[in-house]
Amino acid sequence: MRTVDLARRATADPLLRLLAHGFATTYGRPPGAVWRAPYAFRLAASAVDPGPSPAAAAPRTDWVAAANWYVAAAVSPRADGLLRCGSLNHPAESAELPLTGPAAPAPGWAARPYAVLRVLAAAGFGRGGADLHVNATLPDAVGLPVAEPLECAAALALADVHAARGARPLSRAELADLLGAAVPGDHGLRRAVLFGRRDPPAGCAP
């Protein structure tokens, strides 16, 4: 969602309000866009109703689903080619990183969103730079992968805020193809994050 006052919007999701407030506190301005993306996970074949299928068809083993918990990213554009990034989960590990030219070392939590935003910049989206703040709502001990939802939330927020400034809109299908071709990771989980719903097996995506 695009926002300029989310931190003060009483009807908004409290975690998104917290992220918007953290962004404004860190960068001295409100975010231009805040997006959230669901955690995703792989389902065992035994958990999926196979439904009718031809006798000769091989059993499906690649079911993935979106969960009912989210990673969120807040973004505003810059004009100096830098990514300033911070995290509510890692407040002492912020960084300023170039989006074009040689890559710089990134904090561990920021490595994947940094790689994604560099890919988008190379494709012409957000080359001017961005301020980024993220929040992963579940602790690592839960065991759900955070990389794919984190990179998707950051990419969706960046694409949205630049579309609002006149850039060509970037569809989720284009985003999935771009990330799948350029950023190592689980493409099935990415597609669940981008296209899945919250209620497996109806929300499963191949």
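Nothing here was measured: the structure is a model prediction, and the numbers come from that model.

Some thoughts on the packing of helix α2 (residues 111-122) against helix α4 (residues 172-182)
For any two helices packed against each other, the geometry comes down to the angle between their axes and how far apart the axes lie.
(1) Moving on: The geometry of α2 relative to α4 is characterised by a closest axis approach of 10 Å and an angle of 110 degrees between their N-to-C directions. Of the possible angle classes, the one that applies to α2 and α4 is roughly perpendicular. By crossing handedness, the relation of α2 to α4 is classed as right-handed. For the pair α2 and α4, contact is made by Val 116, Val 119 and Leu 120 and by Leu 175, Leu 178, Leu 179 and Ala 182, respectively.
(2) Moving on: Taken together, the residues of the contact of α2 with α4 sort by class into seven nonpolar, no polar and no charged.

Let's talk about the packing of α2 against helix α3 (residues 147-163)
(1) Moving on: In the contact formed by α2 and α3, the axes pass within 9 Å of each other and the chain directions differ by 40 degrees. Accordingly, the angle class assigned to the pair α2 and α3 is oblique. Crossing of α2 against α3: the hand is right-handed. Residues Arg 112, Pro 113, Val 116, Leu 117 and Leu 120 of α2 form the contact with α3, whose participating residues are Ala 147, Glu 148, Leu 150, Glu 151, Ala 154, Ala 155 and Leu 158.

Considering the environment of Pro 38
(1) Moving on: Take Pro 38: it is sitting in strand β1 (residues 33-42).
(2) Moving on: Spatially, the C-alpha atom of Pro 38 lies 9.3 Å from that of Glu 148, the residues being 110 residues apart in sequence.
(3) Moving on: Each residue touching Pro 38, except ones within four places of it in the same chain, is listed here: Ala 66, Ala 67, Trp 69, Tyr 70, Pro 149 and Val 193.

Comments concerning the confidence of the model for the chain
(1) Moving on: Averaged over every residue, the pLDDT of the chain is 83; the share at 70 or more is 83%.
(2) Moving on: Per-residue pLDDT, averaged within each element of the chain, yields its smallest value for strand β6 (residues 204-205) (32) and its largest for strand β4 (residues 95-98) (97).
(3) Moving on: With pLDDT under 50 throughout, residues 197-206 is counted as low confidence; its partners more than four residues away or in other chains account for 25 contacts.

Quick word on the nonpolar core
(1) Moving on: Counting residues in each nonpolar core, the largest one holds 47 residues, and the members touching the most others are Leu 83, Cys 85, Leu 117, Leu 120, Leu 132 and Leu 175.
(2) Moving on: When residues in this core are grouped by element, the largest group, ten residues, is from α3.
(3) Moving on: Every residue in contact with Leu 132, bar those within four places of it in the chain, is listed here: Phe 23, Tyr 27, Ala 73, Ala 74, Val 75, Leu 83, Arg 84, Cys 85, Gly 86, Pro 113, Leu 117 and Ala 154.
(4) Moving on: Ranked by size, the runner-up nonpolar core spans ten residues in total, among them Leu 6, Leu 19, Phe 23 and Val 34.

Remarks on the layout of surface pockets
(1) Moving on: Of the pockets and cavities examined, the largest pocket occupies roughly 230 Å³.
(2) Moving on: If you go around the largest pocket, you meet 16 residues; those closest to its centre are His 90, Trp 109, Ala 136, Asp 140 and Val 146.
(3) Moving on: Broken down by secondary-structure element, the contributors of at least two residues to the lining of the largest pocket are α2, β5 (129-136) and α3.
(4) Moving on: Broken down by element, the residue count for the lining of the largest pocket peaks at three residues, all from α2.
(5) Moving on: Split by residue class, the lining of the largest pocket holds ten nonpolar, four polar and two charged.

Regarding α3
Counting along an α-helix, one turn takes 3.6 residues, and residues three or four places apart therefore face a common direction.
(1) Moving on: The first and last C-alpha atoms of α3 sit 24 Å apart over 17 residues, in line with the 24 Å expected at 1.5 Å per residue.
(2) Moving on: Of all the 17 residues making up α3, 16 are buried; the element is thus mostly covered by neighbouring parts of the structure.

Considerations on helix α5 (residues 187-195)
(1) Moving on: Looking at α5, one finds that the buried residues are Gly 188, Leu 189, Arg 190, Ala 192, Val 193 and Leu 194.
(2) Moving on: Of the residues that open α5, the one with a side-chain oxygen 3.0 Å from the backbone nitrogen of Gly 188 is Asp 186.

Rules behind the numbers
Residues numbered from 1 in each chain as written. Predicted model: local features only at pLDDT ≥ 70, side-chain atom pairs only at ≥ 80, totals over all residues. Heavy atoms only, no water. Axes fitted to C-alpha atoms, helices over the stretch in contact; angles between N-to-C directions. Helix = DSSP H or I, 4+ residues; strand = E, 2+ residues; numbered from the N terminus. Parallel < 35°, antiparallel > 145°, perpendicular 65-115°, else oblique. Left-handed = near helix turned anticlockwise from the far one by under 90°. Contact = heavy atoms within 4.5 Å. Nonpolar A, V, L, I, M, F, W, Y, C, P; charged D, E, K, R; others polar. pLDDT = per-residue confidence, 0-100. Core = buried A, V, L, I, M, F, W, Y, C linked by side-chain atoms within 4.5 Å. Buried < 20%, exposed > 50% of the residue type's maximum accessible area, 1.4 Å probe, protein only. 1 Å grid on protein atoms, 1.4 Å probe; cavity = no way out; pocket = protein on both sides within 12 Å on 5 of 7 lines; lining within 4 Å. Points joined across faces, edges and corners; volume = space filled by probe spheres on them. Expected span 1.5 Å × (residues − 1). Polar contact = N/O pair within 3.5 Å; in protein donor to acceptor, adjacent residues only side chain to side chain.

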